[in-house]
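Chain by chain, the residues run as shown.
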Amino acid sequence: MQIFLETDRLVLRRFTMADADNLVSLDADPDVMRFVTGGIPTSREEIQNEVLPAFLGYYQRYEGFGFWAAIEKATGEFLGWFHFRPRADAAPGEVELGYRLRKSAWGKGYATEGSRADP
């Protein structure tokens, strides 16, 4: 069972409950949340009581899949997350991809690089 993925510039690791501050900070940026919630931040309570437990639950249900914290190797900075999820109606080997990245990571090719990580 993998607990992290690695690309040239990123480490994608499993989330823990200690990541609440990272997610609160990410979701507090109205630009990051623009197309998700219309710019409304996710509350700390929702992150701690709903979001993180859902992220952690994926690791038990779907080996090798789930939500992965994106960490920049050079700085150790939390950049956001990627998710790789199986879909019931998908062809074998087809995976649904999603991601949310801090504005500081936009335009640097991290979305493409992270999406090519092999779960």
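Residues numbered from 1 in each chain as written. Predicted model: local features only at pLDDT ≥ 70, side-chain atom pairs only at ≥ 80, totals over all residues. Heavy atoms only, no water.

Participant: Where do I start with the packing of aromatic side chains in this structure?
Facilitator: Where two aromatic rings form a pair, the distance of their centres and the angle of their planes describe that pair. Throughout the structure, instances matching the rule amount to 9 aromatic pairs. Between Tyr-58 and Tyr-62, the ring centres sit 5.2 Å apart and the planes meet at 35°, which makes this aromatic pair tilted. The interplanar angle of 75° and the centroid separation of 5.5 Å between the aromatic rings of Tyr-58 and Phe-67 together place this pair among those described as edge-to-face. As far as burial versus exposure is concerned, Tyr-58 and Phe-67 are alike and both buried. Three or more aromatic residues joined by ring pairs make a cluster, and in this case those are Phe-15, Phe-55, Tyr-58, Tyr-62, Phe-67, Phe-78 and Trp-81. Over the aromatic face of Tyr-110 sits the side chain of Arg-9, whose NZ or CZ is 4.1 Å from the ring centroid. (Phe/Tyr/Trp six-rings, centres within 6.5 Å; stacked < 30°, edge-to-face > 60°. Buried < 20%, exposed > 50% of the residue type's maximum accessible area, 1.4 Å probe, protein only. Lys NZ or Arg CZ within 6 Å of the ring centre and 35° of its normal.)

Participant: Explain the nonpolar core here, please?
Facilitator: Grouped together as the largest cluster of nonpolar side chains are 17 residues, with contacts concentrated most on Phe-15, Leu-23, Leu-52, Phe-55, Phe-78 and Trp-81. Looking at this core, the elements that each hand over two or more residues are helix 1 (20-27), helix 2 (30-37), helix 3 (44-61), strand 3 (66-72) and strand 4 (78-86). Considering each element in turn, this core owes the most residues, 5 residues, to helix 3. In this structure, Phe-15 is in contact with Leu-23, Leu-52, Phe-55, Leu-56, Tyr-59, Phe-67, Trp-68, Ala-69, Phe-78 and Trp-81, ignoring residues within four places of it in sequence. If you look at the next biggest cluster of nonpolar residues, it comprises 12 residues, including Leu-5, Leu-10, Trp-68 and Leu-79. (Core = buried A, V, L, I, M, F, W, Y, C linked by side-chain atoms within 4.5 Å. Helix = DSSP H or I, 4+ residues; strand = E, 2+ residues; numbered from the N terminus. Contact = heavy atoms within 4.5 Å.)

Participant: Would you explain the pattern of salt bridges in this entry?
Facilitator: Think of it this way: side chains of opposite charge can pair up when their charged atoms draw near. Scanning all chains against the criterion turns up 8 salt bridges. In this structure, Arg-13 engages Asp-19 in a salt bridge whose closest nitrogen and oxygen atoms are separated by 2.8 Å. The exposure class of Arg-13 is partly exposed, given its relative accessible area of 26%. With relative accessibility at 3%, the residue Asp-19 sits in the buried group. (Salt bridge = Lys/Arg side-chain N within 4 Å of Asp/Glu carboxyl O.)

Participant: Just checking my understanding: could you explain the environment of Glu-63 for this structure?
Facilitator: Examined against the element boundaries, Glu-63 turns out to sit in the loop between helix 3 and strand 3. Sequence separation between Glu-63 and Ile-47 is 16 residues; the distance between their C-alpha atoms is 23 Å.

Participant: Mind showing me how you'd approach helix 1 here?
Facilitator: For an α-helix, 3.6 residues make a turn, and residues three or four places apart therefore share a direction. Among all positions of helix 1, only Ala-20, Leu-23, Val-24, Leu-26 and Asp-27 are buried. Angularly, the buried residues of helix 1 cover 165° about the axis, an arc narrow enough to put them on a single face. (Arc of directions from axis to C-beta.)

Participant: Even after reading the chapter, I still don't get the packing of helix 1 against helix 3, so can you show me in this structure?
Facilitator: Two packed helices can be described by the angle between their axes and the distance between those axes. At their nearest, the axes of helix 1 and helix 3 sit 10 Å apart, and the two run at 115° to each other. When the axes of helix 1 and helix 3 are compared, the pair comes out roughly perpendicular. As helix 1 runs across helix 3, the sense of the crossing is right-handed. Contacts from Ala-20, Asp-21, Leu-23, Val-24 and Asp-27 in helix 1 reach Arg-44, Ile-47, Gln-48, Val-51, Leu-52 and Phe-55 in helix 3. Tallied by class, residues from the contact of helix 1 with helix 3 come to 7 nonpolar, 1 polar and 3 charged. (Axes fitted to C-alpha atoms, helices over the stretch in contact; angles between N-to-C directions. Parallel < 35°, antiparallel > 145°, perpendicular 65-115°, else oblique. Left-handed = near helix turned anticlockwise from the far one by under 90°. Nonpolar A, V, L, I, M, F, W, Y, C, P; charged D, E, K, R; others polar.)

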